[in-house]
Amino acid sequence: NRCVNIIARLFNAPLEDSETAVGVGTVGSSEAIMLAGLAFKRKWQNKRKAEGKPFDKPNIVTGANVQVCWEKFARYFEVELKEVKLSEGYYVMDPVKAVEMVDENTICVAAILGSTLNGEFEDVKLLNDLLAEKNKETGWDTPIHVDAASGGFIAPFLYPELEWDFRLPLVKSINVSGHKYGLVYAGIGWVIWRNKEDLPEELIFHINYLGADQPTFTLNFSKGSSQVIAQYYQLIRLGFEGYRNVMENCHENAMVLKEGLEKTGRFNIVSKDEGVPLVAFSLKDNKRHDEFEVAELLRRFGWIVPAYTMPADAQHITVLRVVIREDFSRTLAERLVLDITKVLHELDSLPSKVLVPASEQNGRNGKKTEIETQREVTTYWRKFVSERKANNKNKIC
């Protein structure tokens, strides 16, 4: 309860000094999103029933960049997921397009504070303003949920003036992952509601066999308390200033990594300076070697850097992503840049894994078939790997 109250006030919930916040601890943001979605669905259904209207086709509007747990919620609880497609250079939900997709069956619009793909914050303020206008025109009261799994413990400390939370009247619930920037080990999330009216009482169960009335609203019941204790410890140990220092340090190290990558001249930076402290980047030229090969070779240096393609309407864009956490120091950032530079030099010396059209094969006499080219590449790579193994064996001996 103390954690819920601290986090609710961090998110500017409209509470009186002695008022208790409404929220629960969960097993990560996935369960938190399930609970928030259920609350929106039930509240929408109750209103539709009271109005004598159909209530069997609920939908949620969100961006195609949402985390897979939103798709799980939609599939498990029979809610249509209406996704705003992305476009090259714009990898978050467009508030204008999102509001256009809202209809009378929309139970909420889900905005993301810290996209998984590039760490960018979506414009919740603009979404709130546009949606308020549409609600006024139509007579609907479509609300907003903010998925702040990654950014909920970033924005209050780095960007306190940014309006994304309960300061916006249409934001009715927010989820955040304690095991991300809440600085707790995995297995803890939180969902906070604006007030009691936003969480239907019928979803709350009351038990008394533990010695007192215990209200519960979870999908999981039996679970350890260690993550909650760790979250409470971090909140009271670090306080506002401590969290701010940690987040500022993470941001500075992200900028060191970003600047180092830019100096190579080989990458486009996809992430934004304002957002989750991570660096997402792609190769300017990936005709001969792509981001997946960079990720593969980085493993030799002990780095696990994910490479992935963007969602619908931006699938042709491949991105590498490095998330900067509390223990990712400036020294590590500089070392990663050096190792990436080594990988780039190594790839430059290797033949392309991608077949080059005969028309682009400069300096060659005659045209080779695709099979001939593939055999040539395969032979080269086998020879290269064999030589590497032999050299490593000699070093060990």
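Residues numbered from 1 in each chain as written. Predicted model: local features only at pLDDT ≥ 70, side-chain atom pairs only at ≥ 80, totals over all residues. Heavy atoms only, no water.

Named according to an unreviewed UniProt entry, the protein is Glutamate decarboxylase originating from Citrus sinensis.

**Describing the packing of helix 2 (residues 28-50) against helix 3 (residues 68-76)**
Interhelical geometry of helix 2 versus helix 3 gives an angle of 45 degrees and a closest axis separation of 9 Å. As judged from the angle between their axes, helix 2 and helix 3 are oblique. Both helix 2 and helix 3 take part in a crossing whose hand is right-handed. Contact with helix 2, carried on its side by Ser30, Ile33, Met34, Gly37 and Leu38, involves Cys69, Trp70, Lys72, Phe73 and Tyr76 of helix 3 and no other residues of that element. A breakdown of the residues in the contact of helix 2 with helix 3 according to their chemical character gives seven nonpolar, two polar and one charged. (Axes fitted to C-alpha atoms, helices over the stretch in contact; angles between N-to-C directions. Helix = DSSP H or I, 4+ residues; strand = E, 2+ residues; numbered from the N terminus. Parallel < 35°, antiparallel > 145°, perpendicular 65-115°, else oblique. Left-handed = near helix turned anticlockwise from the far one by under 90°. Contact = heavy atoms within 4.5 Å. Nonpolar A, V, L, I, M, F, W, Y, C, P; charged D, E, K, R; others polar.)

**Considerations on the packing of aromatic side chains**
Using the criterion set out here, one finds nine aromatic pairs in the structure. On the basis of an interplanar angle of 35 degrees and a centroid distance of 5.5 Å, the ring pair of Phe73 and Phe77 is categorised as tilted. A relative accessible area of 0% means that Phe73 is categorised as buried. Under the relative-accessibility criterion, Phe77 is labelled partly exposed at 22%. Judged by centre distance (5.0 Å) and plane angle (85 degrees), the ring pair of Phe267 and Phe281 falls under edge-to-face. Residue Phe267 is found in strand 10 (residues 267-269), and its partner Phe281 is found in strand 11 (residues 278-283); the two are separated by 14 residues along the sequence. By relative accessible area, Phe267 is classed as buried at 4%. Overall, Phe281 belongs to the buried group, its relative accessible area being 1%. A cation over a ring is seen here: Lys49 above Phe55, with NZ or CZ 4.9 Å from the ring centre. A cation over an aromatic ring shows up here: Arg325 above the ring of Tyr181, its NZ or CZ 5.4 Å from the ring centre. (Phe/Tyr/Trp six-rings, centres within 6.5 Å; stacked < 30°, edge-to-face > 60°. Buried < 20%, exposed > 50% of the residue type's maximum accessible area, 1.4 Å probe, protein only. Lys NZ or Arg CZ within 6 Å of the ring centre and 35° of its normal.)

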